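Descriptive analysis of the structure
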Amino acid sequence: MLKILDHLEEWLIASLMGGATLIIFVAVIHRYAAGWPIPYVQDWMLSLNLSWAQEACIYMFVWMAKFGAAYGVRTGIHVGVDVLVNQLSDRIRKRVVLFSLLAGAFFTGIVAAFGTNFVWLLAHTDTTSPDMELPMWIVYLAIPLGSGLMCFRFLQVAWTFWRTGELPQHDPTHVEGVDQPVIPDMSADNLHPHEVAGKGGGR
Amino acid sequence: MNSAIIFGLLIALMITGMPISIALGLTVLTFVFTMTQVPIESVALKLFTGIEKFEIMAIPFFILAGNFLTHGGVAKRMINFATSVIGHLHGGLALAGIVACAMFALVCGSSVATVVAIGSILLPEMVKHGYPMRFGAAVITVAGSLGILMLPSIPKVIYAVATGTSIGALFVAGLLPGILLTMMLCTTTWWIARKRDYPRMTRSTWKERGKAFADSVWGLMLVVIIIGGIYSGIFTATEAAAMAAMYAFFVSVFVYKAMPLKDTGKVLLQSANMSAMLLYIITNAALFSFILTNENIPHALADWILAKDLGWVGFLLLANLLLLVAGNFMEPSSIILIMAPILYPAAIALGINPVHLGILIDVNMEVGLCHPPVGLNLYVASGISRLGITELTKAVLPWLGVMLVFLVIVTYWPWLTLVLPRAMGMMPPG
């Protein structure tokens, strides 16, 4: 069940990213191609109306951002100032990290609640978006859904951390498709966040 | 008083290590619920509409373009070309690395991507030719930071969005400083390499140079697309970024055939992950600066600074110190989002050009990227070279010194940044 959610999330944000790029690309090409005096093709080009592309791109990226932020919690890409926390003893550090994870869940939970309320109010009006004339409440549905998912991800990460002491870590040094010697031993200095359980870094 | 509470709370939340975006959001929520009369609805609305600007959407597109480029064999051809031109000098491969970083920076908006793209190809090559790893890794760490200075750059887009400055002017303004920094880094490297007698490559013929240039021309065409497109008004910065992403995809997959088509999904997911993180910080920072503006804090701070009678020389010194210190704790986008709205009003009141301020902030961010504890370039270079952070930090020091000298030049010689955008008519002459 969770696996399906994970895949759905990844699939959604990747296709929104690709889709938005394609739409803008096509819209720009169209804007200039419609000026070429090729018989029939030009008429056909002019009959297409792509003025909604910009708006579609914005909304797609808003959705991508909200769900991607939730995915980011799972991959550990949301970074903070962890220099000081990593100097603490393991026991205290564990509490501080738990606190910050729960603070994340708290904030996203509140935003999800606000969002639900906001969308509820909007759904009772007939506001639509200027170009595509989509009902705005559908557009803004990204906020309660994305933020709710993010809250869930924070709780999930906090739970795993509490039980195993492991945090998801985004490793910027690892790049797909590039020949790299070996993943370095990042625990050899005290500048990187380290796991509480296990070997516990190099201090 | 209010400003002390807001910043105190923000700092207290940040040192617990929670994500900066969450710390910003919680600060605003706490403040709104306890201290002000701002209706909660207007805050909520801001949270939803914070990133609904087409200009901001340039960020995901530039990230995507950068990711396609690092996979795409563009870097390799740029290195070949640079080596053919200056490889025969002392420390030739290292010099070629710097020039290749500068070329890559012309088309890529991220420092980390530049370090990865150039470093992962060049470093093994340098070791093979008898350079010590620490020398090569240090050069690439610093030269990679050109990524956010030359032409397109993600921090510049963020600054432009935060302050309403022209993106096109900021892109172009970084070009001359970028060339100056490239020359300064090359001179230092050449001098060190000559003293230690590092190997030289054989001199290439003009025919070989021509061929290497022709090979790399597909990648360099991106400069024409991005800058030419924005400058001539064919498309906006965001559209240029989207075109760049499509073009980079096309070149990587079909021209250089360095990336298999089936990896596209993975690259899209990675880019989405990175973009969403940045957009999330931007949303919450927009909220934060809304509260600051609502409490009139930036203007109060500006008045306070003006009352100190520092003049622009003193103010810029102070701004630099503040940004350098911030660079020890946070990554560039967060610093810019928090600091730019605060520094901007005071800078304008002192007659400092917004584009100049933007480039100055950008150079400060470059310095922060090259030293611990949060310098991402350093970590990436350490990842590629398998050197410890401490060792690499020591190795980077001479070039970091050069960067600081460069920072002083950029700070007190506005002409360098402003002449090009003015000449191109991207900003009013002043």
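Residues numbered from 1 in each chain as written. Chains lettered and ligands numbered in written order. Predicted model: local features only at pLDDT ≥ 70, side-chain atom pairs only at ≥ 80, totals over all residues. Heavy atoms only, no water.

Our next topic: the overall build of chain B. On a plain count of helices and strands, chain B comes out with 21 helices and 0 strands. Taken over C-alpha atoms, the radius of gyration comes to 22 Å for chain B, in line with the 22 Å a tight globule of 430 residues would show. A principal-axis box enclosing the C-alpha atoms of chain B has dimensions of 70 × 45 × 45 Å. Classification of the 430 residues of chain B by burial places 63% in the buried group. A sequence separation of at least 24 residues applies to 79% of the contacts in chain B between residues at least 6 apart. As displayed, chain B offers around 15000 Å² of accessible surface, 68% of which is attributable to carbon and sulfur atoms. (Helix = DSSP H or I, 4+ residues; strand = E, 2+ residues; numbered from the N terminus. Rg over C-alpha atoms; globule rule 2.2 N^0.38 Å. Buried < 20%, exposed > 50% of the residue type's maximum accessible area, 1.4 Å probe, protein only. Contact = heavy atoms within 4.5 Å. Areas by Shrake-Rupley, 256 points an atom, 1.4 Å probe, with all protein chains shown as cover.)

Let's shift gears to helix α2 (residues 20–34) of chain B. A rise of 1.5 Å per residue sets the reference length of α2 of chain B, with its 15 residues, at 21 Å; its end C-alpha atoms lie 21 Å apart and thus fit the reference within 8%. The element α2 of chain B is largely enclosed, with a buried count of 12 among its 15 residues. Three or more residues of α2 of chain B are buried, namely Ile20, Ser21, Ile22, Ala23, Leu24, Gly25, Leu26, Thr27, Val28, Leu29, Phe31 and Val32 of chain B. Contacts made by the buried residues of α2 of chain B are with α4 (90–123) and α6 (142–164) of chain A together with α1 (2–14), α3 (40–49), α14 (264–294) and α17 (332–349) of chain B. (Expected span 1.5 Å × (residues − 1).)

Let's shift gears to the interface of chain A and chain B. Facing the 69 residues of chain A at the interface are 68 residues of chain B. A buried area of about 6000 Å², summed over both sides, lies between chain A and chain B, and 78% of it is on carbon and sulfur atoms. Where chain A packs against chain B, one counts 1 salt bridge. For Glu239 of chain B, the salt bridge goes to Arg31 of chain A, with nearest N and O atoms at 3.0 Å. Between chain A and chain B we count 5 residue pairs in polar contact (both at pLDDT 80 or more) in total. If you list the elements that add at least two residues to the side of chain A that touches chain B, you get α1 (2–33), α3 (53–75), α4 and α6 of chain A. (Buried area = accessible area lost by both parts, 1.4 Å probe. Salt bridge = Lys/Arg side-chain N within 4 Å of Asp/Glu carboxyl O. Polar contact = N/O pair within 3.5 Å; in protein donor to acceptor, adjacent residues only side chain to side chain.)

With that settled, consider the nonpolar core. Looking at soluble globular proteins, one finds that nonpolar side chains tend to be buried together. Counting 228 residues, the largest nonpolar core has Met64 of chain A together with Ile59, Phe104, Ile118 and Phe135 of chain B as the members making the most contacts within it. Residue contributions to this core peak at 16 residues, all from α14 of chain B. Apart from residues lying up to four places away in sequence, Phe135 of chain B is in contact with Ala94, Met126, Thr189, Ile192, Ala193, Arg196, Tyr198 and Trp399 of chain B. (Core = buried A, V, L, I, M, F, W, Y, C linked by side-chain atoms within 4.5 Å.)

Considering all chains together, one arrives at 16 aromatic pairs over all chains under this definition. When the centroid spacing of 5.5 Å and the interplanar angle of 70° are considered together, the rings of Phe118 of chain A and Tyr140 of chain A count as edge-to-face. Taken together, the positions of Phe118 of chain A in helix α4 and Tyr140 of chain A in helix α5 (residues 136–140) put the pair 22 residues apart, joining distant regions of the chain. Owing to a relative accessible area of 7%, Tyr140 of chain A belongs among the buried residues under this scheme. The interplanar angle of 70° and the centroid separation of 5.8 Å between the aromatic rings of Phe62 of chain B and Phe171 of chain B together place this pair among those described as edge-to-face. Within this pair, whereas Phe62 of chain B is found in helix α4 (residues 58–71), its partner Phe171 of chain B is found in helix α10 (residues 167–173), the two being separated by 109 residues in sequence. Like Phe171 of chain B, Phe62 of chain B is buried. (Phe/Tyr/Trp six-rings, centres within 6.5 Å; stacked < 30°, edge-to-face > 60°.)

What follows is about the environment of Arg95 of chain A. All names here are of chain A. Within the element layout of this structure, Arg95 appears in helix α4. For Arg95, a relative accessible area of 55% puts it in the exposed group. In this structure the C-alpha to C-alpha distance between Arg95 and Trp162, which are 67 residues apart in sequence, comes to 9.1 Å.

Once that is clear, we can look at unusual backbone geometry. All names here are of chain B. Positive phi, normally seen in glycine, also occurs at Asp309, with a value near 60°. One can find Asp309 in the loop between α15 (297–307) and α16 (311–326). Overall, the relative accessible area of 67% leaves Asp309 in the exposed class.

We now examine the confidence of the model for chain A. Model confidence for chain A is summarised by a mean pLDDT of 79, while 84% of its residues fall at 70 or above. Per-element confidence in chain A ranges from a low mean pLDDT of 75 for helix α2 (residues 41–47) of chain A to a high of 92 for α6 of chain A. (pLDDT = per-residue confidence, 0-100.)

What follows concerns a positive patch on the surface. On the surface, Arg134, Lys195, Arg196 and Lys394 of chain B cluster together into a patch of positive charge. Within the secondary structure layout, Arg196 of chain B lies in helix α11 (residues 175–196). (Patch = residues over 30% accessible without salt bridge, like charges linked within 9 Å, V, L, I, M, F, W, Y side chains within 5 Å. Lys, Arg positive; Asp, Glu negative; His and termini not counted. Charge placed at Lys NZ, Arg CZ, Asp CG, Glu CD.)

A few words on the packing of α4 of chain A against α3 of chain B. Running from amino to carboxyl end, α4 of chain A crosses α3 of chain B at an angle of 100°, the nearest separation of the two axes being 11 Å. As far as their axial angle goes, α3 of chain B and α4 of chain A are roughly perpendicular. Only Ile40, Leu45, Leu47 and Phe48 of chain B of α3 of chain B make contact with α4 of chain A, whose side of the interface consists of Val111, Phe114, Gly115 and Phe118 of chain A. Grouping the constituent residues of the contact of α4 of chain A with α3 of chain B by class yields 7 nonpolar, 1 polar and no charged. (Axes fitted to C-alpha atoms, helices over the stretch in contact; angles between N-to-C directions. Parallel < 35°, antiparallel > 145°, perpendicular 65-115°, else oblique. Nonpolar A, V, L, I, M, F, W, Y, C, P; charged D, E, K, R; others polar.)

This part takes up α14 of chain B. Taking 1.5 Å of rise per residue, the 31 residues of α14 of chain B would be expected to cover 45 Å, and the 44 Å separating its terminal C-alpha atoms lies within 8% of that figure. Just past α14 of chain B, the residue Asn296 of chain B takes up positive phi, approximately 65°.

What follows covers the side chain of Asn320 of chain B. Residue and element names in this part refer to chain B. Mapped onto the fold, Asn320 is located in helix α16. Judged by its relative accessible area of 8%, Asn320 falls in the buried class. Sequence-distant contacts of Asn320, defined by excluding residues within four places in its chain, comprise Leu360, Asn364, Leu407 and Thr411.

All right, on to the packing of α1 of chain A against helix α13 (residues 237–255) of chain B then. The interhelical angle for the contact between α1 of chain A and α13 of chain B, taken along N-to-C directions, is 110°, at an axis separation of 9 Å. Of the possible angle classes, the one that applies to α1 of chain A and α13 of chain B is roughly perpendicular. Across the interface between the two elements, Thr21, Leu22, Ile24, Phe25, Val28, Ile29 and Arg31 of chain A of α1 of chain A pack against Glu239, Ala242, Met243, Ala245 and Met246 of chain B of α13 of chain B. Of the residues that constitute the contact of α1 of chain A with α13 of chain B, the class distribution is 9 nonpolar, 1 polar and 2 charged.

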